[in-house]
Structure formats: structure tokens, C-alpha cells
Amino acid sequence: MHNFTLAELINGLRSNKFSSVELTQHFLNRIKELNGDYNAIITTTASQALESAISADQRLANGNAPEMCGIPILHKDIFCTNGVRTSCGSKMLDNFIPPYNATVVENFENDGAVMLGKTNMDEFAMGSSNETSFYGPVHNPWALDCVPGGSSGGSAAAISARLAPGATATDTGGSIRQPAALCGISGLKPTYGRVSRWGMIAFASSLDQAGPMARTAEDCAILLNAMASFDEKDSTSVNEPIPNYRSKLDNPINGLKIGIPREYFSEGLHSGTEQAVRNSLVELQNLGAKLIDIKLPSSHLSVPAYYVIAPAEASANLSRFDGVKYGYRCKEPKDLEDLYRRSRSEGFGEEVQRRIMIGTYCLSAGYYDAYYGKAQQVRKLIQQDFSDAFKSVDLIMGPTCPSPAFKFGAKGNDPVAMYLEDIYTIATNLAGLPGMSIPCGQVDGKPVGLQIIGNYFNEERILNVAHQFQQSTDWHNHMPSELA
Ligand code: GLN
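**Q** Please explain the pattern of salt bridges as it appears in this structure.
**A** Two side chains carrying opposite charge are able to pair once their charged atoms lie near each other. For the structure on display, the rule yields 18 salt bridges. Measuring nitrogen to oxygen at the nearest pair gives 2.8 Å for the salt bridge that ties Asp 77 to Lys 118. With Asp 77 in the loop between strand S2 (72-76) and helix H4 (103-110) and Lys 118 in strand S3 (residues 114-119), the pair connects residues that are 41 residues apart, well separated along the chain. When its relative accessible area of 0% is taken as the criterion, Lys 118 is described as buried. The closest approach of N and O atoms between Glu 351 and Arg 355, which form a salt bridge, is 2.7 Å. Remark: Arg 355 and Glu 351 occur in helix H11 (residues 350-363); sequence separation between them is four residues, near one turn of the helix. Each of Glu 350, Glu 351, Arg 354 and Arg 355 takes part in a single network of salt bridges with overlapping partners.

Next up, the structure:
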């Protein structure tokens, strides 16, 4: 059952090949047996899952159930789940049990989806390798000595290891696309404002966006149908009509204009990754697409601008974790100052503390204009690059990551080397655009991702092209040799 795609599972439930209870039990057994190898899931909600599966089976029997009814999924541990620990990968929230669901979680619950548990992640979603989690690193199912990418590495590894057919994830600077690429699965970061951020623990509020991860583009479309909603509780939620993301998957892509930014094929790109991406572009040409060279001249400024804006917003967002209201509190504080100081230095890991320091510095009086103000101006230039490009092309494509999965510790001592992992993904967040990664090849047995960037609210087109690519290639069906 675990080799079926989400779309196939939906059909299987409707044709009574199996029940939601059987399906749920099957995935719970797999998690029990295999999760120890990957550390992808940090909380399993077995009894709650079986209860939801029983109600889902009843709803399915009554007919007219939503597509996701009875389908087991995982949520990244950044989404608040009522009564279930939500740690955000941090010691700070190791004991935090939210009294409510995030809107995304609620949307899935209303549709009758079954939550199997919560996935491991970089602490507060800060990272590109999943090495910063309080619960230990996640292992890449394709090579256990390599990282799965981050920060949604738990969700990506779980799908790649077939521990669930789909999962939620979040992307502030690449955290859906980058781990999707390194784990050989599909992942979509929607347009900023498409999916509610309410109940999703904030990292950098102007960049954070939730999205789906699954094996195929079609499955991502099904998940996005359930996730996307206008939400009055999120002031940045956009009240645009929500299409059925499955409806245009089968459209032919004749005449599609694909922009190829020269900046995405420059120095630093692994030659094997480049080859795999170029081969997939030829495949799309064979399907009728035209390749057009474009320029995104401010691309080189995206990483420096992001590493001012994201830490600045993080330092403000994380000030709420003070040892007073909820979360970790140090033992026997001497006074209030000691309580703040020790709760925060004992509760947060090194990378989170580094970001708080950088962010506080950039926002402090006298430096605000020089750093934060400047970075916001650069952000505008990056947006402008994309809007110029979209005057002549429909989609923009290139690699998702500069290289395939790397070994644990390979970049651990050098934060800048790690920050460059997201060089191709960050600009999309700064501009608020949707972007996707789909598997498009392999280097030394490790997966490579093709990135597809669309104009605002053009998720339908991205998914359509990704689906057409997957109809004529089979990279999305490859699986880690250990599991084959
Ligand atoms: N790797 C980037 C960072 O550490 C992006 C993380 C993310 O998208 N959540 O900030």
C-alpha cells in the first residue's frame, strides 16, 4: 500500500480495496519499523490516527466525502496541533502542547484526513540540512550518512521512505524545495498569502509560507486543494479565488515559454546537477516548450538580503519565548533578568541564537537604515527582476540546489557555506512567488531537483507542467535502493 501515490490511495479507498483503518495501520507499522533509521518523525499519534480513520471510513461509506478523507498524512512540527506536542524542533518548546489547531491542520481535519504524527525539522525552521533539531538530525533515505536538506527534512525523508504518502512543510528561504530536491520527492511553495500562516510558528513572517510535499505533482495538487484557504485570522492571507489545482494537470504544454536565468547556472553549481537539469529542460522542449535565456541581475544579492531580513524578523518573533509565558524555563532563577537570560540561552540552540544576535543587531538604532532598510530596497530589486522576466516567459526553471545531498558535518562549521545552499531558492521567497521542486535525475545515486518558478498565484501552471514532465519521465518513481 505504501507504494501507491496519494491519488491512487484516494481511488483505492473509494473502490473498497482497503479501508482507512487498514491504510492507517499499515503506515503506523511502517513508521514503527523504519523511523528509527531516519529520525524523520518525532511524535507519532497512533491512537488518535486510528480514531480518525474509523470516522473517515464511516464518512466514506456515506458517500460524498472530500478527497483527503481517510488519507494518512504527517504535519511538520511547526504547525500547532490541538493536544499534541508542537516543538518546532526546539528544546524551548519540547513541553508545549497547543490548545488549538493551525488553520492548515484544521483544514485537513475538516476534510477527514488522518494525522499520523509530526515530523522532525531544523530548530525553528532555521537550517538547510536538518542538523539543528533538538531531536537529532534526520537521515536521508538515499544515503544514511547524508543530510536530507532542511528545514522540512523530516517531512521529505518520511515521504521518500514511504512512511506517509504526503506531508505539510514550510518554506521561508527554500525549506520545502531544498529537502524535496535532496530526498527525490516533489514539493511546492505557494504564493505568499495563499495558505494561512495562522497557528504556524513564526520564523520570518514576511517570507514564511506553508505548502505540500508528496511523491508527485498530482499529489501536491490534491494536498494544496485541502491546504489553501482565505483566513481572516491571518492578516496576510489573500482573498483570491482558489482554483481546483487538479483541473489543469492534463493540459498540453505546447508553446510554453520557459525562462532560463543564466545566474542559476554559474560557478558553484555541481556539474552532475547541471547535467541532470539540462537534460530535463530538453525533455520539456520535446514536449513542446521553448527555452528562452533570461537575466535575473540582482540574484547575487538575494542571500545577503535574506540573511538580514529573516534574522531581523526572527529576532522579533522569538522574543516571545522568555521563560515566563510558556515553553522552557530555567531551574531556580535568581531574578527576572536571570530567568530571561538562562531560559533563552538554555532553551535555544546555537543557530537560533546566532540568528537572534544578527537580527537584533540589524534592527538596532543606528543600524536599521544601513542593514534592514537597505535589505528591503534590495528585495524590491529582486521583485522587479522577476516581474521583468515574466513579461516574456511563463515559467522560470533551473536547479533547486547547487549540489546533491552532502555528508553530515560537511558544512556544519561554516554558516556561510550552509547559507549558500539556498542560493537558488531564496529570491522566490523575497519576491513572494510560488516555486516547486520535482525530481529530475540523479548524481552518484542521489536525487537532483528541478526548480519551477511561476508568477503570482500561478500554482496551477507550475503543477500542470510538473505533471506533464512526470507523465513522460519516471524520476519521481525511483526510490532509495534500501527500500526497493
Ligand atoms: N535555509 C534557510 C534558513 O536557514 C531557509 C530555511 C527555511 O526556508 N525555513 O533560513
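**Q** Would you mind showing me how to read the side chain of Asn 429 here?
**A** Tracing the backbone shows Asn 429 in helix H14 (residues 426-431). Since its relative accessible area comes to 1%, Asn 429 is described here as buried.

**Q** Got a minute to help me understand a nonpolar patch on the surface in this structure?
**A** Together, Val 324, Leu 336 and Tyr 340 make up an exposed nonpolar region whose accessible area comes to about 260 Å². As for its position among the elements, Val 324 is in the loop between helix H9 (302-317) and helix H10 (336-347).

**Q** I keep staring at the nonpolar core and nothing clicks. Help me out?
**A** Most often, soluble globular proteins have nonpolar side chains that are buried together. Formed by 141 residues in total, the largest nonpolar core has its most connected members in Met 68, Phe 124, Leu 284 and Phe 386. Ranked by residues supplied to this core, first place goes to H9 with nine residues. Those residues in contact with Leu 284 that sit more than four places away from it in its chain are Ile 253, Ile 258, Ala 289, Met 397, Leu 450, Val 465 and Phe 469. In this structure, Ala 143, Ala 181, Cys 401 and Ala 405 belong to the second largest nonpolar core, which totals nine residues.

**Q** Looking at this model, I keep getting lost on the side chain of Thr 5. Mind explaining?
**A** Turning to its location among the elements, Thr 5 is positioned in the segment before helix H1 (6-14). In this structure Thr 5 touches Arg 215, Thr 216 and Asp 219, once residues within four positions along its chain are discounted.

**Q** Would you mind showing me how to read helix H8 (residues 271-286) here?
**A** Side chains three or four residues apart in an α-helix point the same way, a direct result of the helix having 3.6 residues per turn. Look at H8: 23 Å from first C-alpha to last across 16 residues, which is about the 22 Å you get at 1.5 Å a residue. What H8 keeps buried is the set Gly 272, Thr 273, Ala 276, Val 277, Ser 280, Leu 281 and Leu 284. For H8, the secondary structure elements touched by its buried residues are strand S7 (257-261), strand S8 (290-294), strand S9 (395-399), strand S10 (435-443), strand S11 (446-454) and helix H15 (459-472). Where H8 terminates, the next one or two residues include Gly 288, which has phi positive at roughly 110°.

Cut-offs applied
- Residues numbered from 1 in each chain as written.
- Predicted model: local features only at pLDDT ≥ 70, side-chain atom pairs only at ≥ 80, totals over all residues.
- Heavy atoms only, no water.
- Salt bridge = Lys/Arg side-chain N within 4 Å of Asp/Glu carboxyl O.
- Helix = DSSP H or I, 4+ residues; strand = E, 2+ residues; numbered from the N terminus.
- Buried < 20%, exposed > 50% of the residue type's maximum accessible area, 1.4 Å probe, protein only.
- Patch = residues over 30% accessible without salt bridge, like charges linked within 9 Å, V, L, I, M, F, W, Y side chains within 5 Å.
- Areas by Shrake-Rupley, 256 points an atom, 1.4 Å probe, with all protein chains shown as cover.
- Core = buried A, V, L, I, M, F, W, Y, C linked by side-chain atoms within 4.5 Å.
- Contact = heavy atoms within 4.5 Å.
- Expected span 1.5 Å × (residues − 1).

All quantities given are derived from atomic positions and should not be read as evidence of function.
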